[in-house]
Amino acid sequence: VRPFEYVRPAALSDALSLLTKHGAAARVMAGGTDVMIRLRMGHMRPGVLLDIKDVRELSDRIVETGGVLRFGARVTMTELMADERVRRHFGALVEAATVVGSVQIRNRATLAGNSCNASPAGDTPPVLLVYGATLNLVSERGRRSVPMTEFFTGPGKTVKTPEELVESIDVPLPTARAGAAFGRVTRRYGVDLATINLACRVDAAGETRFAYGAVGPRPFLVVDKSGVLADPTAAAEAKSTVLRELISHASPITDVRGGRNYRLGMLDVMSRRALATALERL
Ligand SMILES: Cc1cc2nc3c(=O)[nH]c(=O)nc-3n(C[C@H](O)[C@H](O)[C@H](O)COP(=O)(O)OP(=O)(O)OC[C@H]3O[C@@H](n4cnc5c(N)ncnc54)[C@H](O)[C@@H]3O)c2cc1C
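As the structure is a computational prediction, the values presented were derived from the model and not from experiment.

What counts and what doesn't
- Residues numbered from 1 in each chain as written.
- Predicted model: local features only at pLDDT ≥ 70, side-chain atom pairs only at ≥ 80, totals over all residues.
- Heavy atoms only, no water.
- Helix = DSSP H or I, 4+ residues; strand = E, 2+ residues; numbered from the N terminus.
- Buried < 20%, exposed > 50% of the residue type's maximum accessible area, 1.4 Å probe, protein only.
- Contact = heavy atoms within 4.5 Å.
- Core = buried A, V, L, I, M, F, W, Y, C linked by side-chain atoms within 4.5 Å.
- Pairing = 2+ DSSP bridges.
- Axes fitted to C-alpha atoms, helices over the stretch in contact; angles between N-to-C directions.
- Right-handed = clockwise from strand over helix to strand, strands pointing away.
- Parallel < 35°, antiparallel > 145°, perpendicular 65-115°, else oblique.
- Left-handed = near helix turned anticlockwise from the far one by under 90°.
- Nonpolar A, V, L, I, M, F, W, Y, C, P; charged D, E, K, R; others polar.
- Near = heavy atom within 4 Å.
- Polar contact = N/O pair within 3.5 Å; in protein donor to acceptor, adjacent residues only side chain to side chain.
- Areas by Shrake-Rupley, 256 points an atom, 1.4 Å probe, with all protein chains shown as cover.

Section: the overall build of the protein
The helix and strand inventory of the protein stands at eleven helices and 14 strands. Summarising its shape, the C-alpha atoms of the protein cover approximately 60 × 45 × 30 Å along the three principal directions. Residues classed as buried in the protein amount to 51% of the 282 residues present. Long-range contacts, defined as pairs at least 24 residues apart, comprise 59% of the intrachain contacts of the protein with a sequence gap of at least 6.

So, in structure tokens, the structure goes:
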């Protein structure tokens, strides 16, 4: 590991001015479960490592505000899994958080860090996509909100600039009946990254949303507004046609975690399973 400066400010203003000063030479660390590995492997070579764990304005709380559940930047997987409101309204998020790494990893890994890392195989982004989440960013220049659908631009890349921090993530509380499910395929049962992952959400009006991970350069959302997938009386062939069209937006590659055709095949299988579970929950 090349030497770097380690800073752990307590005030948001200090953190933001450091980011303005150092730009891309500064790297942010929350739980460090991605950052530590990349530092050790030499994939990340910061001049300054900005540890945000003590920044009091970056909350470790989940609060209900203005029709959303707001997850502060320091909320960990373990914390959100235990939260009664998250369990009641966003069960698929709990399902995704539950498979992230191991107990030790989940105790450190933040929800915000999972999105900022922008791995195409991250487990919580597909769920946040189907739930219609928004990320709240802050820098010395001010605040802006970015819908999850516009956040990812490629592997490891987002619209967030080096001067910005994710302050929180907002997930709209449901205003009508809905059901959702998360699923993934891995090579082994635990502590593995997804070969594919997905989330499905169906609402009472018949809209079905899928979001897919590890089958393209970034997680992405597709929506069936026709109502066919949610309609128990629709013909199986009609459902297959709609599903095929949604899945056609995936562009998986062959890598160590699975072949392109295997991924495409499992997308179909897992989409049907996630849809069935989401419909049951609806
Ligand atoms: C053994 C192991 C197993 C894992 N298994 C899984 C798995 O199954 N599924 C999965 O999805 N992930 C997995 N991960 C990856 C990891 O745990 C998650 O991506 C985690 O959620 C990242 O959060 P963190 O707080 O540790 O982020 P960090 O490592 O601190 O940061 C990750 C990235 O986000 C940036 N960042 C973090 N917080 C902010 C912020 N508030 N504002 C701006 N930028 C920020 C950092 O600069 C960095 O680029 C695994 C990791 C390990 C080591």
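Overview of the nonpolar core
Membership of the largest hydrophobic core comes to 39 residues, with the highest contact counts inside it found for Phe-71, Leu-80, Val-86, Leu-93 and Ile-169. At five residues, the largest contribution of residues to this core is made by helix H5 (residues 91-98). If we skip the residues at most four places from it in the chain, Ile-169 touches Leu-69, Arg-70, Phe-71, Leu-111, Ala-112, Leu-128, Ala-133, Thr-134 and Leu-135. Core analysis: the next-biggest nonpolar cluster, separate from the first, contains 23 residues, Cys-200, Phe-210, Ile-247 and Met-266 among them.

What to know about the sheet that holds strand S5 (residues 68-72)
As a general point, the strands of a sheet are linked pairwise by backbone hydrogen bonds and lie either parallel or antiparallel. As summarised here, the arrangement of the five strands in space is S4-S5-S10-S6-S7, forming an open sheet in which the pairing is antiparallel. The sheet terminates laterally at strand S4 (62-65) and strand S7 (142-147), the two strands that pair on one side only. Averaged over neighbouring strand pairs, the angle between their axes works out to 25° when direction is ignored. Judged from the six bridges that link them, strand S6 (residues 134-139) and S7 form a sheet pairing that is antiparallel. The partner of Asn-136 across the bridge, within S7, is Ser-145. The strands touched by helix H1 (residues 12-22) are S6, S7 and strand S10 (165-172); relative to S10, the strand with the most contacts, the crossing angle is about 115°.

As for the pairing of S10
The two faces of the sheet receive side chains in turn, since in a regular strand these alternate between them. Most of S10 is tucked away, with seven of its eight residues classed as buried. One ladder, built from five bridges, connects S5 with S10; its direction is antiparallel. Bridged to Arg-70 within S10 is Asp-170. In the sheet, S6 pairs with S10 via five bridges, with the strands oriented antiparallel. Bridge pairing in S10 links Val-138 to Leu-165.

Points about the sheet that holds strand S3 (residues 48-51)
Strand order in this open sheet of three strands is S1-S3-S2, and the pairing throughout is parallel. Every other strand in the sheet has two partners, leaving strand S1 (5-7) and strand S2 (26-29) as the edge strands with one partner each. The mean angle between the axes of side-by-side strands here comes to 20°, regardless of whether they run parallel or antiparallel. Judged from the three bridges that link them, S1 and S3 form a sheet pairing that is parallel. Across the sheet, the residue bridging to Val-7 is Leu-50, located in S3. Against the sheet, H1 engages S1, S2 and S3, with an angle of about 160° to S3.

Structural notes on the pairing of S3
Where burial is concerned, the two faces of S3 agree: the one with Val-48 and Leu-50 and the one with Leu-49 and Asp-51 are both buried. Pairing analysis gives four bridges linking S2 to S3, with the strands arranged parallel. Across the sheet, residue Ala-26 finds its bridge partner in S3, namely Val-48. A crossover connection joins S2 to the parallel S3 through helix H2 (residues 35-40); in handedness this β-α-β unit is right-handed.

Thoughts on the packing of helix H10 (residues 236-247) against helix H11 (residues 260-281)
For the pair H10 and H11, the least separation of the axes is 11 Å and the interaxial angle reads 120°. Between H10 and H11, the angle falls in the class oblique. Crossing geometry of H10 relative to H11 is assigned as right-handed. Where H10 abuts H11, its residues Ser-240, Leu-243 and Ile-247 lie against Leu-267, Asp-268, Ser-271 and Arg-272. For the contact of H10 with H11, the class distribution of residues is three nonpolar, two polar and two charged.

A closer look at the site of the ligand
By nearness alone, 33 residues border the ligand, and Val-28, Ala-30, Thr-33, Asp-34 and Thr-110 come closest of all. Backbone polar atom of Val-99 to an oxygen atom of the ligand: 3.3 Å apart, as the coordinates give it. Thr-110 places a polar side-chain atom, nitrogen or oxygen, 2.6 Å from an oxygen atom of the ligand. Relative to its unbound accessible surface of 980 Å², the ligand loses 90% to contact with the protein. Here the residues of the shell around the ligand are counted per class, giving 17 nonpolar, nine polar and seven charged.

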